[in-house]
Amino acid sequence: MTVQRDVVVKQLADVRPLGNEEGLIPQFGVLINNLPANFWNLATMRLLDAAQGERRKELEAALVDCAHQCGYNTGYGIVNSEEFQSVVMPMVTEGAKDVLRGAYAVFTAWGWAKSGIAQIKEGEKMVIRAVDYYEADEKPGYHMAYMIRGVSAAFFDIAYGGDYPNGLNTFDCEQTQGIEMGDKFGEFVVTKK
Amino acid sequence: MSIKVEHSFDDQTYRHYLNGTLTVMHCHHYMALATQLAEQFADIGAPQILADAAEDSIRPMLDDYFAKNGVGSADEKLAVGVEYYAVIGMGKMQASGSEAGGQASLSASHMDQGWEMKWGKRDTPMNYWTRGYIAAVFAAAFGKPARSYVVTEEAGMITGAPESKFTIRLK
């Protein structure tokens, strides 16, 4: 057996994030927010449209870095969460590769991107494909899935970058295809930095 | 008053909706880093871009809720805005005012507490996102277009203040 995405999705998709009496959502060792997805797209697109030349390149790197750090810290919390341990880990038979499959199943179940691993060479390279993701909802004329890029690099960091928290930034991720650019799916390639 | 909260899930796209609005969960790391990024790109107006994106994404969510639930008066709309802030995990807000403006405060704040968890306290307020949120609430409550209100963060929990405080003024 290996990790079956649809089984994980079925068991974890019933997430109901809701603020407590303080209006906060503490979970997985972090505070969660549950904002309109459009906020993130509008902010990203308007920032990119306002930045020119070298500043735009710096901005793109910073956008990926936000998701990379978030994905590394929260991803580690998720992989070690009760939900992951009870739903995903019983299906893990192929070590880190299966844990990664489980991470993308959670990534899918919780609405970030309907995605999975298309190719993997353990510890070296991974190709992710996403057939639906909120970052593709705007059509700005450029690739805009900085969140998926950062989180994908972070997941590979967690799996193959060494012990947490020292593995951050071991890997990098580039977007090679995007639904927001008219492609059938988004494609993301993770390699060593 | 207690607002209705209905979560739904699209089993084709695997997307999640809150009262019909597409929403996505993120963590305080992401929000704090996005805020830090905005400050690093102040030369292109990034803090205000963040606030305006918040205003423009929150306003349709509120207008939709008001329409679907028959929320008619300005006071009721302000109250819904305050409660919605907590529902989406951004903290505990109080707000009052009139068409001309008003005040808002936070006794719990995802932004401030998240920043502090990550980097500790700082000397200046930085809750740009909530400035945009409050602008959306007041504009929605009083039937004004976007950018009608100037929201200023006068005090921030992140600086050690017991509450974050905002003033709201009609342009």
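For the structure itself, look to the data block above.
In this text the structure is predicted, and so the values were computed from the model without any measurement.

Thresholds, definitions, all that
- Residues numbered from 1 in each chain as written.
- Chains lettered and ligands numbered in written order.
- Predicted model: local features only at pLDDT ≥ 70, side-chain atom pairs only at ≥ 80, totals over all residues.
- Heavy atoms only, no water.
- Helix = DSSP H or I, 4+ residues; strand = E, 2+ residues; numbered from the N terminus.
- Rg over C-alpha atoms; globule rule 2.2 N^0.38 Å.
- Buried < 20%, exposed > 50% of the residue type's maximum accessible area, 1.4 Å probe, protein only.
- Areas by Shrake-Rupley, 256 points an atom, 1.4 Å probe, with all protein chains shown as cover.
- Lys, Arg positive; Asp, Glu negative; His and termini not counted.
- Charge placed at Lys NZ, Arg CZ, Asp CG, Glu CD.
- Contact = heavy atoms within 4.5 Å.
- Axes fitted to C-alpha atoms, helices over the stretch in contact; angles between N-to-C directions.
- Parallel < 35°, antiparallel > 145°, perpendicular 65-115°, else oblique.
- Left-handed = near helix turned anticlockwise from the far one by under 90°.
- Core = buried A, V, L, I, M, F, W, Y, C linked by side-chain atoms within 4.5 Å.
- Pairing = 2+ DSSP bridges.
- Expected span 1.5 Å × (residues − 1).
- Disulfide = S-S within 2.5 Å.

1. Structural notes on the overall build of chain A
(1) Moving on: Counting its secondary structure elements, chain A contains six helices and six strands.
(2) Moving on: In chain A, the succession of α and β elements from N to C terminus is α-β-β-α-α-α-α-β-β-α-β-β.
(3) Moving on: For a compact globule of 193 residues, the expected C-alpha radius of gyration is about 16 Å, and chain A comes in at 16 Å, within 12% of that figure.
(4) Moving on: With the C-alpha coordinates of chain A rotated into their principal frame, the extents come out at 50 × 45 × 35 Å.
(5) Moving on: Here chain A, with 193 residues, has 58% of them falling under the buried criterion.
(6) Moving on: Counting only carbon and sulfur atoms, one obtains 48% of the accessible surface of chain A, whose full area is about 7900 Å².
(7) Moving on: Seen as two clouds, the 18 positive and the 26 negative side-chain charges of chain A have centres 6 Å apart.

2. Observations regarding the overall build of chain B
(1) Moving on: Per the secondary structure count, chain B includes five helices and seven strands.
(2) Moving on: In sequence order, the secondary structure elements of chain B are arranged as β-β-β-α-α-α-β-β-α-α-β-β.
(3) Moving on: Scaling as 2.2 N^0.38, a compact globule of 171 residues should have a C-alpha radius of gyration of about 16 Å, and chain B matches this with 16 Å.
(4) Moving on: With the C-alpha coordinates of chain B rotated into their principal frame, the extents come out at 45 × 40 × 30 Å.
(5) Moving on: Across the 171 residues that make up chain B, the buried fraction comes to 60%.
(6) Moving on: A separation threshold of at least 6 residues defines the contact pool for chain B, and within that pool the share at least 24 residues apart is 61%.
(7) Moving on: As presented, chain B carries roughly 6400 Å² of accessible surface, and 50% of it is formed by carbon and sulfur atoms.

3. Observations regarding the packing of helix α3 (residues 53–79) of chain A against helix α6 (residues 146–160) of chain A
When two helices pack together, you describe them by how their axes are tilted relative to each other and by the distance separating the axes.
Residues and elements named next belong to chain A.
(1) Moving on: Two elements in contact, α3 and α6, have axes separated by 7 Å at closest approach and are oriented at 45°. In terms of axis orientation, α3 runs oblique to α6. Handedness of the crossing formed by α3 with α6: right-handed. Residues E60, L63, V64, A67, H68, G71, Y72, G75 and Y76 of α3 touch α6, and the partners they reach there are Y146, M147, R149, G150, V151, A153, A154, F155, D157 and I158.

4. Overview of the nonpolar core
(1) Moving on: Counting 123 residues, the largest nonpolar core has A:W110, B:Y84 and B:W129 as its most contacted members.
(2) Moving on: Ranked by residues supplied to this core, first place goes to helix α5 (residues 128–141) of chain B with eleven residues.
(3) Moving on: Among all residues touching B:W129, those that are not within four sequence positions of it are A:L35, A:F39, B:M31, B:A54, B:I58, B:Y85, B:I88, B:M90 and B:M111.

5. Details of the sheet that holds strand β7 (residues 164–170) of chain B
Residue and element names in this part refer to chain B.
(1) Moving on: Spatially, four strands are ordered β4-β5-β7-β6 in an open sheet, and the strand pairing comes out antiparallel. Single-partner strands in this sheet number two, and they are β4 (91–98) and β6 (149–155). When the angles between neighbouring strand axes are averaged without regard to direction, this sheet yields 20°.
(2) Moving on: The pairing of strand β5 (residues 101–109) with β7 spans six bridges and is classified as antiparallel.

6. Describing α6(A)
Residue and element names in this part refer to chain A.
(1) Moving on: Compared with the 21 Å implied by 1.5 Å per residue over 15 residues, the 21 Å span of α6 between its first and last C-alpha is a close match.
(2) Moving on: Along α6, the residues that are buried comprise Y146, M147, I148, R149, G150, V151, S152, A153, A154, F155, F156 and D157.
(3) Moving on: Positive phi shows up at G162, right after α6, with a value of about 100°.

7. Some points on the state of the cysteines
Residues and elements named next belong to chain A.
(1) Moving on: Overall, the coordinates contain zero disulfides over all chains when judged by the stated rule.
(2) Moving on: Distance from the sulfur of C66, which forms no disulfide, to the nearest cysteine sulfur (C70) is 8.9 Å.
(3) Moving on: The closest cysteine sulfur to the non-disulfide-bonded C173 is located on C70, 14 Å from its own sulfur.
(4) Moving on: Residue class for C173 comes out buried when judged on its relative accessible area of 0%.

8. Comments concerning the pairing of strand β2 (residues 30–36) of chain A
Along a regular strand, successive side chains alternate from one face of the sheet to the other.
(1) Moving on: Most of β2(A) sits out of view: seven of its seven residues are buried.
(2) Moving on: Relative to β2(A), strand β1 (residues 25–27) of chain A runs antiparallel, the two sharing three bridges. In the sheet register, A:P26 faces β2(A), and the bridge partner there is A:L31.
(3) Moving on: In sequence, β1(A) turns back onto β2(A) through a hairpin of two residues, with A:F28 there showing a positive phi of about 55°.
(4) Moving on: Judged from the five bridges that link them, β2(A) and strand β3 (residues 21–27) of chain B form a sheet pairing that is antiparallel. Each bridged residue has a counterpart across the sheet, and for A:L35 the counterpart in β3(B) is B:V24.

9. Focus on the environment of B:A46
(1) Moving on: Among the secondary structure elements, B:A46 is positioned in helix α2 (residues 46–69).
(2) Moving on: What B:A46 contacts, discounting residues up to four positions off in sequence, is A:L47, B:A38 and B:F41.

10. Side note on unusual backbone geometry
(1) Moving on: Look at the link from A:Y164 to A:P165: it is a cis peptide, with omega at 5°.
(2) Moving on: Within the secondary structure layout, A:P165 lies in the loop between α6 and β5 (171–177).
(3) Moving on: Located in the positive-phi region is B:Y14, a residue other than glycine, with phi close to 65°.
(4) Moving on: Its place among the elements puts B:Y14 in the loop between β1 (7–10) and β2 (15–18).
(5) Moving on: Of note in the backbone geometry, B:N19 takes a positive phi value of approximately 50° without being a glycine.
(6) Moving on: On the secondary structure map, B:N19 appears in the loop between β2 and β3.

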